Amino acid sequence: MPDLTHHARQLRDLADLLEARISHPEDLNDPHPDTQEILSGRHTNRGQLNYAVPDALQLQRRIRRYNADSGIPHGDIVALALDTYLRAKGYPPHLTQPEPTAP
């Protein structure tokens, strides 16, 4: 029988997203708890994200201004914005659960 764990996780994430939209419409832009946990980790592996974006949107300037106002690092601002957007569109990350350690 095929392993459907991945699909079950996607369905749970989608159900959570739909529930959040219905019960807390004002919280749509709040970071997902999993994302907050990852960003707050001291030893989070990071990768470079390079995409050409329209200069007219002034994204770099806006990110710098938001950083100055909030103190959130530039990379975290981008990660939060993209994660929120992609989750809202139905593309949550496929996070692996840490292996339980034996007592």
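Quick summary incoming for the structure in this document.

Calculation notes
Residues numbered from 1 in each chain as written. Predicted model: local features only at pLDDT ≥ 70, side-chain atom pairs only at ≥ 80, totals over all residues. Heavy atoms only, no water. Patch = residues over 30% accessible without salt bridge, like charges linked within 9 Å, V, L, I, M, F, W, Y side chains within 5 Å. Areas by Shrake-Rupley, 256 points an atom, 1.4 Å probe, with all protein chains shown as cover. Salt bridge = Lys/Arg side-chain N within 4 Å of Asp/Glu carboxyl O. Helix = DSSP H or I, 4+ residues; strand = E, 2+ residues; numbered from the N terminus. Buried < 20%, exposed > 50% of the residue type's maximum accessible area, 1.4 Å probe, protein only.

Once that is clear, we can look at a nonpolar patch on the surface. A cluster of nonpolar side chains, namely Leu 49, Tyr 51, Val 53, Leu 57, Leu 59, Leu 82, Tyr 85, Leu 86 and Tyr 91, defines an oily patch on the protein surface of about 940 Å² accessible area. The biggest single contributor to the nonpolar patch is helix α4 (residues 74–88), with three residues. Within the secondary structure, Leu 59 is located in helix α3 (residues 59–70).

Our focus in this paragraph is the pattern of salt bridges. The full count for this structure, using the stated rule, is four salt bridges. Here Asp 34 ties to Arg 9 by a salt bridge, and the two come within 3.4 Å at their closest N and O atoms. Taken as a pair, Asp 34 in helix α2 (residues 33–40) and Arg 9 in helix α1 (residues 5–23) lie far apart in primary sequence, 25 residues in all. Between Arg 46 and Asp 76 there is a salt bridge whose closest N-O contact spans 2.7 Å. A residue pair is termed long-range when its members are at least 10 positions apart, and Arg 46 in the loop between α2 and α3 and Asp 76 in helix α4 qualify at 30 residues. You can call Asp 76 buried: its relative accessible area is 9%. A single network of salt bridges, built from pairs that share partners, joins Arg 9, Asp 13 and Asp 34.

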